[in-house]
Amino acid sequence: GEVPRIAKPGDPALETVVKQHGCTFKMNFGEVYWNSRLEQEHKRLVSTFRKTDEIWDMMAGIGPFAVPAAKLVGCKVFANDLNPRSTHYLEVNCKANKVEGKVEVFTLCAREFLRRRVIACGMDGPPEGVTAIHCIMNLPATSPDFTDCFKGAFEASVWRGRLPKCHVYAFSKNSDPKICAE
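Residues numbered from 1 in each chain as written. Predicted model: local features only at pLDDT ≥ 70, side-chain atom pairs only at ≥ 80, totals over all residues. Heavy atoms only, no water.

Right, let's get into the overall build of the protein chain. Counting its regular elements, the protein chain contains five helices and seven strands. The C-alpha atoms of the protein chain give 17 Å as radius of gyration, which agrees with the globular expectation for 182 residues (16 Å, within 12%). Referenced to the eigenvectors of the C-alpha coordinate spread, the extents of the protein chain come out at roughly 70 × 40 × 25 Å. Within the protein chain, buried positions represent 43% of all 182 residues. A separation of at least 24 residues holds for 66% of the contacts in the protein chain among residues at least 6 apart in sequence. With 25 positive and 21 negative side-chain charges, the protein chain shows a spacing of 4 Å between the two charge centroids. (Helix = DSSP H or I, 4+ residues; strand = E, 2+ residues; numbered from the N terminus. Rg over C-alpha atoms; globule rule 2.2 N^0.38 Å. Buried < 20%, exposed > 50% of the residue type's maximum accessible area, 1.4 Å probe, protein only. Contact = heavy atoms within 4.5 Å. Lys, Arg positive; Asp, Glu negative; His and termini not counted. Charge placed at Lys NZ, Arg CZ, Asp CG, Glu CD.)

Here you go:
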């Protein structure tokens, strides 16, 4: 008989295209993180953005927040992921969705990405006309471990601008929605 095929990371059999809210996302499931159950959360958060907001997507993956923020809202997006395969697909997805000019892609540790964004803005904070900065940390298994990078990053000695809004995603082992919301 025939030996069953076992898929491995990078296997072309794991490459697919997903469509969400008018955006197309190409990916290889063996190389990147994707959770289709977060589709409504992607839509909800992006719907709160304004064109004058700046998005700092610290764990951007293939772009489920970054691409629609740029395409549907028109935000300037700085998108980062430590996984070079994620940033490869993020760049592919920016091109496919025609937002390459609105999304700058980085392949750094989230801590280093935040440090560099703060330095790039300078002491006065974001450029004139930016009404809000949204920092997104969407890697539920480890995002809470990275919240320490905010400590000291926005002290008055280094930042005079408006503080960013932070969106940190995490898993909970508790099924009580009241406790999870806290």
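Before going further, it helps to spend a moment on the packing of aromatic side chains. Each aromatic ring pair is summarised here by two numbers: the centre-to-centre distance and the angle between the ring planes. Considering all chains together, one arrives at six aromatic pairs under this definition. Seen in terms of ring centroids, Phe150 and Phe154 are 6.4 Å apart; in terms of plane orientation they differ by 20 degrees. Their pairing is stacked. Considered together, Phe150 and Phe154 belong to a single accessibility category, that of buried residues. Clustering of aromatic rings is evident, with ring pairs tying together Trp56, Phe150, Phe154 and Trp159. Lying over the aromatic face of Phe78, Lys76 brings its terminal NZ or CZ to 5.3 Å of the ring centre. (Phe/Tyr/Trp six-rings, centres within 6.5 Å; stacked < 30°, edge-to-face > 60°. Lys NZ or Arg CZ within 6 Å of the ring centre and 35° of its normal.)

So, on to the nonpolar core. By size, the foremost hydrophobic cluster in this structure holds 27 residues, and its most contacted members are Phe49 and Val77. Counting only elements with at least two residues in this core, the list comes to strand 2 (23–28), helix 1 (39–47), helix 2 (66–73), strand 4 (76–80) and helix 3 (84–96). A per-element tally of this core places helix 2 first, with four residues. For Val77, the residues in contact, after removing those within four places along its chain, are Ile55, Ala66, Ala69, Ala70, Lys102, Val103 and Glu104. With 19 residues, the next largest nonpolar core counts Leu114, Cys121, Cys149 and Trp159 among its residues. (Core = buried A, V, L, I, M, F, W, Y, C linked by side-chain atoms within 4.5 Å.)

All right, on to the sheet that holds strand 7 (residues 165–168) then. Spatially, five strands are ordered 5-4-3-6-7 in an open sheet, and the strand pairing comes out parallel. Looking at which strands have only one partner, the edges of the open sheet turn out to be strand 5 (103–106) and strand 7. Across this sheet, the average inter-strand angle for adjacent strands is 15 degrees, counted without regard to direction. By the bridge criterion, five bridges tie strand 3 (residues 53–57) to strand 6 (residues 132–137) in an arrangement that is parallel. Its bridge partner being in strand 6, Ile55 is matched across the sheet by His134. Across the face of the sheet, helix 3 comes into contact with strand 4 and strand 5 while running at roughly 165 degrees to strand 5. Lying over the sheet, helix 4 (residues 110–121) contacts strand 3, strand 4, strand 5 and strand 6, oriented at roughly 150 degrees with respect to strand 3. (Pairing = 2+ DSSP bridges. Axes fitted to C-alpha atoms, helices over the stretch in contact; angles between N-to-C directions.)

Turning our eyes to something else, we now look at helix 2. Buried within helix 2 are the following residues: Ala66, Val67, Pro68, Ala69 and Ala70. For helix 2, the elements touching its buried residues are strand 2, helix 1, strand 3, strand 4, helix 3 and strand 5. Downstream of helix 2 by a residue or two, Gly74 has a phi angle that is positive, lying close to 90 degrees.

With that out of the way, let us pick up the environment of Val103. Tracing the backbone shows Val103 in strand 5. The spatial distance from the C-alpha of Val103 to the C-alpha of Ile55 is 9.2 Å, given a sequence separation of 48 residues. When residues no more than four places from it in sequence are discounted, the contact partners of Val103 are Ala66, Ala70, Val77, Ala79 and Cys94.

Glancing now at the environment of Ser175. If you trace the backbone, Ser175 turns up in the loop between strand 7 and helix 5 (177–181). A relative accessible area of 74% places Ser175 in the exposed class.

Here we take up the side chain of Asp57. In this fold, Asp57 is placed in strand 3. Contacts of Asp57, omitting those with residues within four sequence positions, involve Phe65, Ala66, Phe78, Ala79, Asn80, Phe113 and Ile136.

As paired elements, strand 4 and strand 5 share four bridges and run parallel to each other. By the bridge assignment for strand 5, Asn80 is matched with Phe106. For the crossover that starts at strand 4, traverses helix 3 and ends in the parallel strand 5, the hand is right-handed. (Right-handed = clockwise from strand over helix to strand, strands pointing away.)

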